[in-house]
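# Descriptive structure summary
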Amino acid sequence: MLWNAVIRLGFFLLIVNLVYDLKKRIEKEKEFSRSDFLTGIANSRHFSDLLTMELKRLARDSRPFTLTYIDVDNFKSVNDAFGHKAGDALLRLIADTLKRSVREIDAVGRLGGDEFALLLPLTGQEQARFVVERANNALLESVAKGRYDVTFSIGSVTFDSSAASADEAISLADKTMYQAKKNGKNAI
């Protein structure tokens, strides 16, 4: 009888341990599915999900937010001159610099290649201007220390009324970034 209880307890502990391990693995996979493999910041899918949540919050509470689109000017020249490892190191440096430049409630994402985005909740146009300029200055300082010959074209859009979708919002921010690029790059 005692032996049966010991066996049942051992079996129960084994099941608990397996469930715990499975839960840890699921959480790890969930994190991998949300993170950019190179930089560790939000990937484009997760960033879009965060943006969708912010659009819903705006529709419900009428609280503004700002979306910023950042493109690395002359990134291809880094890969061409120094190789893809140097390009990857530059992308990681940019991601780390952006994370250090914004608040904890802000989101930093890599939308693809050398394109990054910031989601600044509860941030109107004037406050966003300050945050984006601070982030740009930090980026320029970081790449100068790393001796990378790149700059940044940055476009920001403040939403105080709802956009139709995350894709539409990203498209608007992308268009403002291209205006900065058209005006000679290295501009906000």
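So, how was this worked out
- Residues numbered from 1 in each chain as written.
- Predicted model: local features only at pLDDT ≥ 70, side-chain atom pairs only at ≥ 80, totals over all residues.
- Heavy atoms only, no water.
- Helix = DSSP H or I, 4+ residues; strand = E, 2+ residues; numbered from the N terminus.
- Buried < 20%, exposed > 50% of the residue type's maximum accessible area, 1.4 Å probe, protein only.
- Salt bridge = Lys/Arg side-chain N within 4 Å of Asp/Glu carboxyl O.
- Core = buried A, V, L, I, M, F, W, Y, C linked by side-chain atoms within 4.5 Å.
- Contact = heavy atoms within 4.5 Å.
- Pairing = 2+ DSSP bridges.
- Axes fitted to C-alpha atoms, helices over the stretch in contact; angles between N-to-C directions.

## Focus: the side chain of Asn136
You can see Asn136 is positioned in helix 5 (residues 125–145). A relative accessible area of 9% means that Asn136 is categorised as buried.

## Some remarks on the pattern of salt bridges
Going through the model one piece at a time under the given rule, you end up with 10 salt bridges. Across the pair Arg129 and Glu126 runs a salt bridge, and its minimum N-O distance is 2.9 Å. Taken as a pair, Arg129 and Glu126 lie in helix 5 at a separation of 3 residues, close to a single helical turn. One network of salt bridges, in which partners are shared, links Asp71, Asp73 and Lys181.

## Overview of the nonpolar core
Counting 27 residues, the largest nonpolar core has Leu90, Ile94, Leu98, Phe116, Leu118, Val150 and Phe152 as its most contacted members. At the level of elements, strand 1 (65–73), helix 3 (75–82), helix 4 (84–101), strand 3 (115–121), helix 5 and strand 4 (151–159) are the ones that each hand at least two residues to this core. Among residues more than four places away in sequence, those in contact with Ile94 are Val72, Phe116, Leu139 and Phe152. If you look at the next biggest cluster of nonpolar residues, it comprises 19 residues, including Tyr69, Ala107, Ala117 and Met177.

## Looking at the sheet that holds strand 3
With respect to topology, 4 strands assemble into an open sheet ordered 2-3-1-4, the strand pairing being antiparallel. Edge positions in the sheet fall to strand 2 (107–112) and strand 4, since each of these pairs with one other strand and no more. The sheet shows a mean angle of 20 degrees between the axes of neighbouring strands, taken without regard to direction. Looking at chain direction, strand 1 and strand 4 are connected through 9 bridges and run antiparallel. Bridged to Ile70 within strand 4 is Ile154.

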